[in-house]
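Here is what each chain is made of, one letter per residue.
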Amino acid sequence: MRAEHPKLEAGLAALGIDVRSGTSLSELTSLGIGGTTDLLRITKHDSIPDLIELLEHHNIPYKFLGGGSNLLVGDGELPWVILQLAKPDPEIVLEGNFAHVDAAADLGRTVTFCAKHDLGGMEGLIGVPGTVGGALRMNAGAYGMQIGSYVREVKLYRAAERKIEILKGNQISFEYRHTSFGPDDMMLAVTLELPSKPFKEILQGIRICNEKRRSSQPLGQKSAGCIFKNPPGASAGRMIDELGLKGLSVGDAKVSDRHANFFVNAGQASAKDMLALISDVRGRVENAFGVKLENEVVVWNA
Ligand code: EPU
């Protein structure tokens with residue numbers, strides 16, 4: 001999809017939108033898969049309601065992209081433009097035990113920055129790729145913690161209201177890999193309240209989590225993290241492994257040899273390959289265990 005109409009281009013320029021024509025989503029996703037479209041980078045949160053109105057006026061469908069680390073995007077020319085927040089400077093402002101963080105901030109860097117200022121709690125998230133906004137939207141978690149536990153306030157674009165709003169932490173429900181945000185809501189900034197902890201202690205926790213992750217997950221390969229959510233009381237990875245499916249592939253889309261709930265792009269995998277692999281594995285698990293695995297990865301397929 002191209003944002004090419006002269007009036008649209010003038011409107012985008014007036015809103016300070018940085019247009020990157022013909023961007024390949026394979027370069028913006030950790031899976032390295034995805035077709036081409038125009039990328040619209042937002043430099044000012046306040047421009048979002050007008051931007052949405054402008055795009056709708058010109059009948060241009062759109063999607064919001066975070067860090068692209070939990071996302072499988074379709075192949076070819078994509079039927080929507082992509083909206084993404086540019087990173088502000090600074091990305092994080094600390095105030096006592098509160099960290100005010102822009103949604104575009106990198107999650108790992110946020111954890112480290114807070115740690116250096118003796119603010120802990122998020123050690124488990126250190127190796128989770130992506131942005132703070134993406135982690136917030138899906139309530140990312142690992143090693144017994146989840147980001148939602150620390151959220152005190154969220155600034156977001158509320159698609160249903162067509163405006164920017166502030167929600168208090170207790171107005172949002174955070175569950176396992178799920179939140180009460182609407183599907184088209186766009187995370188803009190968050191205030192986290194983090195427990196005070198000496199840097200050295202936090203660093204030790206971070207090292208332990210890093211070690212656990214390195215020993216069980218295919219970190220150097222292109223993946224979207226876990227493909228499926230764990231069903232209640234069970235592990236999707238263990239079930240897939242028990243069926244002997246590590247190494248199973250469709251084209252260059254492959255079930256990781258290291259962790260069976262990670263599907264990797266071992267070369268030039270297409271979205272079609274990856275979707276076929278997901279569907280095959282889901283079918284086999286359902287036949288064997290009677291459990292229909294639910295995607296954790298978000299799929300944007302044309
Ligand atoms: N297991 C296997 N074979 C495998 C993978 C796992 O037998 O190929 C076994 C492990 O030995 C272990 C159990 O299954 O006994 C659970 O495995 P693991 O500790 O790796 O945890 P997981 O349930 O597979 C979850 C999250 C991860 C998170 C880790 C650590 C989900 C879907 N996955 O994985 O999150 O990093 O715990 O807390 O909730 C993600 O969300 O993308 C993700 C990677």
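Residues numbered from 1 in each chain as written. Predicted model: local features only at pLDDT ≥ 70, side-chain atom pairs only at ≥ 80, totals over all residues. Heavy atoms only, no water.

Q: How should I be thinking about the overall build of the protein in this particular structure?
A: When helices and strands are tallied, the protein shows 7 helices and 19 strands. Taken against the 2.2 N^0.38 rule, which gives 19 Å for 302 residues, the C-alpha radius of gyration of the protein at 20 Å falls within 12% of a compact globule. The dimensions of the protein, computed from C-alpha atoms along their principal axes, are 55 × 50 × 30 Å. Here the protein holds 302 residues, and 49% of them are scored as buried. Relative to all contacts within the protein whose residues are 6 or more apart in sequence, the contacts with residues 24 or more apart total 65%. Of the roughly 14,000 Å² that the protein leaves accessible, carbon and sulfur atoms contribute 48%. For the protein, the distance from the average site of its 33 positive side-chain charges to the average site of its 36 negative ones is 5 Å. (Helix = DSSP H or I, 4+ residues; strand = E, 2+ residues; numbered from the N terminus. Rg over C-alpha atoms; globule rule 2.2 N^0.38 Å. Buried < 20%, exposed > 50% of the residue type's maximum accessible area, 1.4 Å probe, protein only. Contact = heavy atoms within 4.5 Å. Areas by Shrake-Rupley, 256 points an atom, 1.4 Å probe, with all protein chains shown as cover. Lys, Arg positive; Asp, Glu negative; His and termini not counted. Charge placed at Lys NZ, Arg CZ, Asp CG, Glu CD.)

Q: Would you mind showing me how to read the pattern of salt bridges here?
A: Any two side chains of opposite charge can pair, given that their charged atoms come close. The final tally for this structure, using the stated rule, is 16 salt bridges. Across the pair Asp38 and Arg2 runs a salt bridge, and its minimum N-O distance is 3.7 Å. Here the residue Asp38 occupies a position in strand 2 (residues 36-42), and Arg2 occupies one in the segment before helix 1 (6-14), the gap between them amounting to 36 residues. Taking the relative accessible area as the measure of exposure, Asp38 reaches 0% and is therefore buried. Taking the relative accessible area as the measure of exposure, Arg2 reaches 28% and is therefore partly exposed. Between Glu123 and Lys197 there is a salt bridge, with its nearest N and O atoms 2.8 Å apart. Of this pair, Glu123 sits in the loop between helix 3 (107-116) and helix 4 (132-138) while Lys197 sits in the loop between strand 14 (186-193) and helix 5 (199-216), and the two are 74 residues apart along the sequence. Taking relative accessible area as the criterion, Lys197 reaches 28% and is therefore assigned partly exposed. (Salt bridge = Lys/Arg side-chain N within 4 Å of Asp/Glu carboxyl O.)

Q: When you look at the packing of helix 1 against helix 2 (residues 48-57) in this model, what are you seeing that I'm missing?
A: When two helices pack together, their arrangement is given by the angle between their axes and by how far apart the axes lie. Interhelical geometry of helix 1 versus helix 2 gives an angle of 175 degrees and a closest axis separation of 10 Å. What the angle tells us is that helix 1 and helix 2 run roughly antiparallel. Along its contact with helix 1, which presents Leu8, Gly11 and Leu12, the element helix 2 presents Leu51, Leu54 and Leu55. A per-class count over the contact of helix 1 with helix 2 returns 5 nonpolar, 1 polar and no charged. (Axes fitted to C-alpha atoms, helices over the stretch in contact; angles between N-to-C directions. Parallel < 35°, antiparallel > 145°, perpendicular 65-115°, else oblique. Nonpolar A, V, L, I, M, F, W, Y, C, P; charged D, E, K, R; others polar.)

Q: Would you mind going over the environment of Leu25 with me for this structure?
A: As for its placement among the helices and strands, Leu25 is situated in the loop between strand 1 (18-24) and strand 2. In this structure the C-alpha to C-alpha distance between Leu25 and Gly130, which are 105 residues apart in sequence, comes to 15 Å. Excluding residues within four positions of it along the chain, Leu25 makes contact with Ile33, Gly34, Gly35, Thr37, Leu65, Val73, Leu78 and Ile82.

Q: Whenever I open this one, the layout of surface pockets confuses me. Can you help?
A: Gaps left between atoms are located by rolling a probe of water-molecule size over the structure's atoms. Of the voids in this model, the second largest pocket is the one considered here, and its volume is about 170 Å³. For the second largest pocket, the lining is made up of 16 residues, of which His100, Val101, Asp102, Ala189 and Val190 are closest to its centre. Elements supplying a minimum of two residues to the lining of the second largest pocket: strand 7 (98-102), strand 10 (151-158) and strand 14. Its residues assigned to classes, the lining of the second largest pocket shows 8 nonpolar, 3 polar and 5 charged. (1 Å grid on protein atoms, 1.4 Å probe; cavity = no way out; pocket = protein on both sides within 12 Å on 5 of 7 lines; lining within 4 Å. Points joined across faces, edges and corners; volume = space filled by probe spheres on them.)

Q: How should I be thinking about the environment of Phe199 in this particular structure?
A: Within the fold, Phe199 resides in helix 5. Its relative accessible area of 29% is what places Phe199 among the partly exposed residues. It is 9.0 Å that separates the C-alpha atoms of Phe199 and Cys114, two residues lying 85 residues apart in sequence. Once residues within four sequence positions are removed from consideration, Phe199 is found in contact with Ala115, Lys116 and Asp118.

Q: Sorry if this is basic, but what is going on with the site of the ligand here?
A: In the vicinity of the ligand there are 20 residues, among which Tyr176, Cys226, Asn230, Arg238 and Asp241 approach most closely. Take Ser235: an N or O atom from its side chain is 3.3 Å from an oxygen atom of the ligand. In this structure, Arg238 approaches the ligand through a side-chain N or O atom, which is 2.6 Å from an oxygen atom. Calculation on the ligand without its partners gives an accessible area of 810 Å², and the protein chains cover 72% of this total. (Near = heavy atom within 4 Å. Polar contact = N/O pair within 3.5 Å; in protein donor to acceptor, adjacent residues only side chain to side chain.)

Q: Please clarify how the packing of aromatic side chains should be interpreted in this entry.
A: Two descriptors summarise a pair of aromatic rings, namely the distance from one centre to the other and the angle between the planes of the rings. For the structure shown, the criterion picks out 5 aromatic pairs. The interplanar angle of 55 degrees and the centroid separation of 6.0 Å between the aromatic rings of Tyr62 and Phe64 together place this pair among those described as tilted. Look at Tyr62 and you get partly exposed, because its relative accessible area is 22%. By relative accessible area, Phe64 is classed as buried at 16%. Clustering of aromatic rings is evident, with ring pairs tying together Tyr62, Phe64 and Tyr157. Lying over the aromatic face of Trp80, Lys63 brings its terminal NZ or CZ to 5.3 Å of the ring centre. (Phe/Tyr/Trp six-rings, centres within 6.5 Å; stacked < 30°, edge-to-face > 60°. Lys NZ or Arg CZ within 6 Å of the ring centre and 35° of its normal.)

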